[in-house]
Amino acid sequence: MPISKIALGNLAEASQPDALKAALAEFISMLIFVFAGEGSGMAFGKLTNGGAATPAGLISAAIAHAFALFVAVSVGANISGGHVNPAVTFGAFVGGHITLFRSVLYWIAQLLGSVVACVLLKFATGGLETSAFALSTGVTPWNAVVFEIVMTFGLVYTVYATAVDPKRGNLGIIAPIAIGFIVGANILAGGAFDGASMNPAVSFGPAVVSWTWNSHWVYWLGPFVGAAIAALVYEIIFIGDNTHEQLPTADY
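Per-chain numbering applies: the sequence of each chain, read as written, is numbered from 1 onward. For this predicted model, a pLDDT threshold of at least 70 governs which residues receive local features, and a threshold of 80 or more governs which side-chain atom pairs are given and counted, while totals over whole chains, interfaces and linings are taken from all residues. Values reported for side chains reflect all heavy atoms of the structure, with hydrogen atoms and water molecules removed beforehand.

Looking at an unreviewed UniProt entry, the protein chain carries the name rt-tip, with the source organism given as Nicotiana attenuata. A UniProt comment under Sequence similarities (unreviewed entry) is attached to the protein chain, and it reads "Belongs to the MIP/aquaporin (TC 1.A.8) family. TIP (TC 1.A.8.10) subfamily." UniProt positions are given in the numbering used here, feature names are shortened, and annotations may be inferred rather than shown by experiment. Here is the UniProt Function (unreviewed entry) comment for the protein chain, exactly as written: "Channel protein in tonoplast. These proteins may allow the diffusion of amino acids and/or peptides from the vacuolar compartment to the cytoplasm."

### Description of the overall build of the protein chain
A helix here means a DSSP run of H or I that spans at least four residues, while a strand means a run of E at least two residues long, and both kinds are numbered starting from the N terminus. The number of helices and strands found in the protein chain is eight helices and zero strands. Taken from the N to the C terminus, the helices and strands of the protein chain come in the order α-α-α-α-α-α-α-α. Taken along the three principal axes of its C-alpha coordinates, the protein chain extends 55 × 35 × 30 Å. Between two residues, a contact is recorded if the distance between any of their heavy atoms is within 4.5 Å. Nonlocal contacts in the protein chain, meaning residues at least 24 apart in sequence, comprise 81% of its contacts between residues at least 6 apart. Where accessible areas are quoted, they stem from the Shrake-Rupley method and a 1.4 Å probe; at the residue level, only the protein chains shown are allowed to cover. Put simply, the protein chain shows about 11,100 Å² of open surface, and 72% of that area lies on carbon and sulfur atoms. Of note, the protein chain has its 7 positive side-chain charges centred 6 Å away from the centre of its 12 negative side-chain charges. Neither His nor the chain ends is counted toward charge; the positive residues are Lys and Arg and the negative residues Asp and Glu. Think of each charge as sitting on NZ of Lys, CZ of Arg, CG of Asp or CD of Glu.

### Focus on the confidence of the model for the protein chain
Across the protein chain, pLDDT averages 90, with 91% of residues at or above 70. Scored from 0 to 100, pLDDT reflects the predictor's confidence in each residue. Predicted confidence for residues 243-252 stays below pLDDT 50, and this span has 36 contacts to residues more than four positions away or in other chains.

### Considerations on the UniProt feature "transmembrane region" (unreviewed entry) in the protein chain
UniProt feature "transmembrane region" (unreviewed entry): in the numbering of this structure it lies at residues 20-44, 56-77, 105-124, 144-164, 171-193 and 217-237. Along residues 20-44 one finds 100% helix and 0% strand; the C-alpha atoms at either end are 36 Å apart. The straight-line gap between the two end C-alpha atoms of residues 144-164 is 28 Å; of that span, 100% is helix and 0% is strand.

### Some words on the nonpolar core
In terms of nonpolar packing, the biggest core is built from 51 residues, with F33 and I187 touching the most fellow members. Of all the elements in the fold, those that place two or more residues in this core are α1 (17-47), α2 (55-76), α3 (86-94), α4 (100-124), α5 (141-164), α6 (174-194), α7 (200-210) and α8 (218-243). At nine residues, α5 tops the list of elements feeding residues into this core. Note on terminology: a nonpolar core comprises buried Ala, Val, Leu, Ile, Met, Phe, Trp, Tyr and Cys residues joined through side-chain atoms within 4.5 Å. Classification of residues uses two cut-offs on accessible area relative to the type maximum, computed with a 1.4 Å probe and protein chains only: under 20% is buried, over 50% is exposed, and between them is partly exposed.

### Here's the deal with the environment of V71
One can find V71 in helix α2. For V71, a relative accessible area of 37% corresponds to the partly exposed category.

### Some words on the pattern of salt bridges
A pair is scored as a salt bridge if a Lys or Arg side-chain nitrogen falls within 4 Å of a carboxyl oxygen belonging to Asp or Glu. Considering all chains together, one arrives at two salt bridges under this definition. Salt-bridge contacts for D18 lead to R102; the nearest nitrogen and oxygen are separated by 3.0 Å. With a gap of 84 residues between them, D18 in helix α1 and R102 in helix α4 connect regions that are remote in the sequence. In this structure D18 comes out as partly exposed when scored by relative accessible area, which is 41%.

### Some words on the side chain of S29
In this structure, S29 sits in helix α1. For S29, the contacting residues outside a window of four places in its chain are A72, V75, G76 and V84.

### Concerning the packing of α5 against α6
Closest axis-to-axis distance for the α5/α6 pair is 9 Å, and the angle between their directions is 170°. Classified by the angle their axes make, α5 and α6 are roughly antiparallel. Residues A144, F147, E148, M151, G154, L155, T158, V159, T162 and A163 of α5 form the contact with α6, whose own contacting residues are A175, A178, I179, I182, V183, N186, A189, G190, F193 and D194. Here the contact of α5 with α6 is built from residues that sort into 13 nonpolar, five polar and two charged. Helix axes are fitted to C-alpha atoms over the stretch in contact, other axes to C-alpha atoms as well, and angles between N-to-C directions run from 0 to 180 degrees. Our angle categories are set so that under 35 degrees counts as roughly parallel, over 145 as roughly antiparallel, 65 to 115 as roughly perpendicular, and the remainder as oblique. Residues are grouped as follows: Ala, Val, Leu, Ile, Met, Phe, Trp, Tyr, Cys and Pro are nonpolar; Asp, Glu, Lys and Arg are charged; every other residue, Gly included, is polar.

### A short note on a nonpolar patch on the surface
Together, L24, I28, I32, V71 and V75 make up a nonpolar patch on the protein surface, roughly 390 Å² of accessible area in all. Of all the elements in the fold, those that place two or more residues in the nonpolar patch are α1 and α2. With three residues, the top contributor of residues to the nonpolar patch is α1. As for its placement among the helices and strands, L24 is situated in helix α1. Each patch is built from residues that are more than 30% exposed by relative accessible area and take part in no salt bridge. Like charges join if they lie within 9 Å; nonpolar side chains (Val, Leu, Ile, Met, Phe, Trp, Tyr) join within 5 Å.

Put into structure tokens, the structure is as follows:
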């Protein structure tokens, strides 16, 4: 069972050069991803005088996030595994592919990367607001939790199938492309309802900079639950005890 593969690690990991390099890679990848993704929404809103919430704005956001995540995962893959998402890190932890202490190091780096990206965006745009994620009219917090669970399940399942599974073969660049595509598709599906975060760090940065915390818990609970379910399903059904192997950081 995956629960038996969970490893806590130790505090010494926080000072190991490879762990620090991996955390720095996560920080940079997250900064790249949030700066491009959040920035695209701000740019579209400025060009259309607040039209980021239109169908064209949704398509623009989906494309920008898909492209940016493809790049962010690719540039971090050989150093940290290219998680670029606390929920993905949590899914890897549940499956026994990363220790708890390294996960915490990743989470700190990912959250800082998102905050710094939003601070840079606010400064570079002359003070434009980095809008926090919010629920649409008629969407309750628990509606949004279900959206986030399902969308993050699809994302983390894709990560497992293309980047974690030891039977995946030499997929090469397919993993970052698939991960970017599923995020872009999910934004088209859920963006009009709750913003389609699937990533607590992506929600955290704008919330900190704009200091807007309405229903913020939704963007933590949903992604973490969805990631855990995806990890358990893939580990139990498709990897199993006989084929499980601890993956080196260079692989994931």
